[in-house]
Number of protein chains: 2
Amino acid sequence: MQILITNDDGYTSKGLEALIKMAEGLGEITVVAPQHPQSAMSNAVSFGKLLRMKTVQNPHNSTRNDIRHHYCSGTPTDCIKIALNILFKERKPDFILSGINHGFNGSTAVVYSGTLAATREGVLNNIPSIAFSLNDHHPDADFSASIHYGRQILEKFIESPPNSYTYVNVNFPKGSIEEIKGIRFCRFGMGSWIKEIETRRDPYGHPYYWMVGEYKNLEPNAPDCDQNLLADNYVTVVPHKIDNTNYPELERMKNMWKDLTQ
Amino acid sequence: MQILITNDDGYTSKGLEALIKMAEGLGEITVVAPQHPQSAMSNAVSFGKLLRMKTVQNPHNSTRNDIRHHYCSGTPTDCIKIALNILFKERKPDFILSGINHGFNGSTAVVYSGTLAATREGVLNNIPSIAFSLNDHHPDADFSASIHYGRQILEKFIESPPNSYTYVNVNFPKGSIEEIKGIRFCRFGMGSWIKEIETRRDPYGHPYYWMVGEYKNLEPNAPDCDQNLLADNYVTVVPHKIDNTNYPELERMKNMWKDLTQ
């Protein structure tokens, strides 16, 4: 079995090392991860930019020598495209794994996350794909409980993968194996970011801006959505589909806007 | 009424000028568009990068002087975030319009498109948002039929906007008003890109890569999806929602993977 692994924090990150460990023994592993951090790059594709891919030797100083490591100079989506078109030209990988991200990727973070983008790219190529994220931004975060719970989910994922064009989003709470209450399958919860821009002035008096922001949970009392279950110390698992046509809205439009089609 | 306009081709593009023309008389117009082309940037956000926003004078040499034009140095998503946090700090715009994109944005192009990303960002801020694209990449494409049909759609959109967290994707075929058969409300159709990487060698013998690709229609015989209706010379309108939880798959997982939650 061939497993392709990527992330958005870059090829040297601790979370990537943890994901490789989680997948140990499940198949042959090929890593194509970004050369530089690519958080919040969503599904950006580097059209018009020269891309490089290089083989790298054991970036995590592991004792294992059976993993093919590469970095790609582009985004997580570029990593998947270049891997599939160059390294897996003859035969697609069986599964794509992305992460483990350093930081929360539930709720509407799914829209912006490079970690999730890689799984969207995977399922667009009809390859079962799963993303893992730990609710801890620290570069030296502790991934041991993530590996423990993630491995159980990964085995099920391989045994009975989701429908076509559906990617799976797993978020781990911080804390030890004992502190985590278990695994929950749930829906996506709505959230938004506020206070997203910080204004400064340069030495010449002109304004410039930094992206910042605070996460705002828009469904704080919903019991069945990812952000709240994660806050309650559960590992959350959400299946997302590519086709997000709003079918009820489509029917409403056909009716309300019907003179446009006459 | 306050209308915020952006795009992904950049603030000087002809498609942006066409969209301003389409919206004429419907409200006060503020433009915040990318300084440089940002196609295929999806919902990328420029964390960690210094951003600029500047007022620009009449970039399309229009005779009108009632439009506030700005460029932003970042992505389309950055444009919306900076506009809402700086220019519309006190009161949100009533509508967000994105485009008119030079090129097809139906099917799975929705995942990658910066034009569509801006509307996702809009509805995440609870502002009704609509994207327009013309199936013609040429920088000097003819937008006159797009303005004609787009105006009809835009008036309906303003009169009865879609549900919360739903963005609308409009694609125009090439051709004159007479050649276009009409407007159709439809679902998203599945497609994929193939042959996406072109390999070259630099003067030192090392490989490098360019993103290219051919679009592959995965539902060539489906009568009700955007790509096929567009090819048949209809203007297509698809409502997309932010929540893309795959609910049937969620139920399957809860059942098939149930020992994980016991």
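Residues numbered from 1 in each chain as written. Chains lettered and ligands numbered in written order. Predicted model: local features only at pLDDT ≥ 70, side-chain atom pairs only at ≥ 80, totals over all residues.

### Focus on the overall build of chain A
Phase 1 of the analysis: Within chain A, the regular secondary structure consists of 7 helices and 13 strands.
Phase 2 of the analysis: At 20 Å, chain A has a C-alpha radius of gyration in line with the 18 Å of a compact globule built from 262 residues.
Phase 3 of the analysis: In terms of principal-axis extent, the alpha carbons of chain A reach across some 65 × 55 × 45 Å.
Phase 4 of the analysis: Considering only residue pairs separated by 6 or more positions, chain A has 76% of its internal contacts joining residues 24 or more positions apart. (Helix = DSSP H or I, 4+ residues; strand = E, 2+ residues; numbered from the N terminus. Rg over C-alpha atoms; globule rule 2.2 N^0.38 Å. Contact = placed C-beta atoms within 7 Å.)

### Considerations on the sheet that holds strand β1 (residues 2–6) of chain B
Phase 1 of the analysis: The 9 strands are arranged β3-β4-β2-β1-β5-β6-β7-β13-β8 (chain B) in an open sheet whose pairing can be described as mixed. Here the strands that pair on one side only, and so sit at the sheet edges, are β3 (53–55) and β8 (182–185) of chain B. Going from strand to strand, the sheet's axes swing by 20° on average, the running direction of each strand aside.
Phase 2 of the analysis: Across 4 bridges, the pairing between β8 of chain B and strand β13 (residues 234–241) of chain B is parallel. The partner of G182 of chain B across the bridge, within β13 of chain B, is Y234 of chain B.
Phase 3 of the analysis: Contacting β7 (166–172), β8 and β13 of chain B, helix α7 (residues 247–256) of chain A runs over the sheet at an angle of about 135° to β13 of chain B. (Pairing = 2+ DSSP bridges. Axes fitted to C-alpha atoms, helices over the stretch in contact; angles between N-to-C directions.)

### So, the interface of chain B and chain A
Phase 1 of the analysis: With 62 residues of chain B at the contact, the number on the chain A side is 62 residues.
Phase 2 of the analysis: Contributing elements (two or more residues each) for the side of chain B that touches chain A: α2 (76–87), α3 (109–112), α4 (114–124), α5 (144–159), β8, β11 (207–211), β13 and α7 (247–256) of chain B.

### Quick word on helix α1 (residues 14–22) of chain A
Phase 1 of the analysis: Inspection of α1 of chain A places G15, L16, A18, L19, I20 and M22 of chain A among the buried residues, and these make up the whole buried set.
Phase 2 of the analysis: On its buried face, α1 of chain A sits against β1 (2–6), β2 (28–34), β5 (95–102), β6 (129–134) and α5 (144–159) of chain A. (Buried ≥ 20, exposed ≤ 12 C-beta atoms within 10 Å, placed from the backbone.)

### As for the relation of the copies chain B and chain A
Phase 1 of the analysis: For the match of chain B to chain A, the screw axis carries a shift of 0.0 Å, the RMSD comes to 0.0 Å, and the turn is 180°. Between the two chains, the operation in question is that of a two-fold axis. When C-alpha distances to the rotation axis are compared across chain B, the minimum falls at N244 of chain B, with a value of 2.6 Å.
Phase 2 of the analysis: Comparing interface residues between copies, 100% of those in chain B also sit at the interface in chain A, which points to an isologous, same-surface contact. (Least-squares fit on C-alpha atoms with pLDDT ≥ 70 in both.)

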